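Architecture and fold: a report
These are the residues of each chain, in order.
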Amino acid sequence: MAPDASPVPLPAGLRRWRRALPVLFSLGILALALHALAREFPPQGYAAVRTAIAQLDVSRIALALLCGLGSHTCLIGFDVIGLRRSGRQVPPLRLV
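Everything numeric in this text was worked out from a predicted model, so none of it was measured.

Rules behind the numbers
- Residues numbered from 1 in each chain as written.
- Predicted model: local features only at pLDDT ≥ 70, side-chain atom pairs only at ≥ 80, totals over all residues.
- Heavy atoms only, no water.
- Helix = DSSP H or I, 4+ residues; strand = E, 2+ residues; numbered from the N terminus.
- Buried < 20%, exposed > 50% of the residue type's maximum accessible area, 1.4 Å probe, protein only.
- 1 Å grid on protein atoms, 1.4 Å probe; cavity = no way out; pocket = protein on both sides within 12 Å on 5 of 7 lines; lining within 4 Å.
- Points joined across faces, edges and corners; volume = space filled by probe spheres on them.
- Nonpolar A, V, L, I, M, F, W, Y, C, P; charged D, E, K, R; others polar.
- Expected span 1.5 Å × (residues − 1).
- pLDDT = per-residue confidence, 0-100.

Here the focus is the overall build of the chain. Looking only at helices and strands, one finds four helices and zero strands in the chain. Burial analysis of the chain (96 residues in total) assigns 3% to the buried set.

Attention shifts here to the layout of surface pockets. Empty space among the atoms becomes apparent when a probe as large as a water molecule is rolled across them. Space inside the largest pocket adds up to approximately 180 Å³. Contributing to the lining of the largest pocket are ten residues, with V80, L83, R84, R88 and V90 lying nearest its centre. Breaking the lining of the largest pocket down by element, the ones donating at least two residues are α3 (58–86) and α4 (92–95). With four residues, α3 is the largest single contributor of residues to the lining of the largest pocket. In terms of residue class, the lining of the largest pocket is built from six nonpolar, two polar and two charged.

So, on to α3. Helix length check: α3, at 29 residues, gives a terminal C-alpha distance of 42 Å against a target of 42 Å (1.5 Å per residue), a fit within 8%. Positioned one or two residues after α3, G87 has a phi angle of 80°, which is positive.

Turning our eyes to something else, we now look at the confidence of the model for the chain. Chain-level pLDDT for the chain is 83 on average; 84% of the residues reach the 70-or-more range. Ranking the elements of the chain by mean pLDDT puts α4 last, at 70, and α3 first, at 92.

What follows is the structure, given as structure tokens:
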């Protein structure tokens, strides 16, 4: 490739697929995890998993979300500390 050549822009449809690919990949992993969980309990199957999820309290779900948010905040803090020590400047939203 010549040094003065600029990259060819992607078509709009391909750009949308490229943006949606991580979400689809995550949903696929979630589906595989639920399938594996249902196979671990063959007598009950998907019905038992669905019932167990439906029986979760709102407080447990909120606590899980708060713990996940706290964990993400800690990771962002580690990034901020590392960047400050290295002297690099990065836009704040780039860390999130």
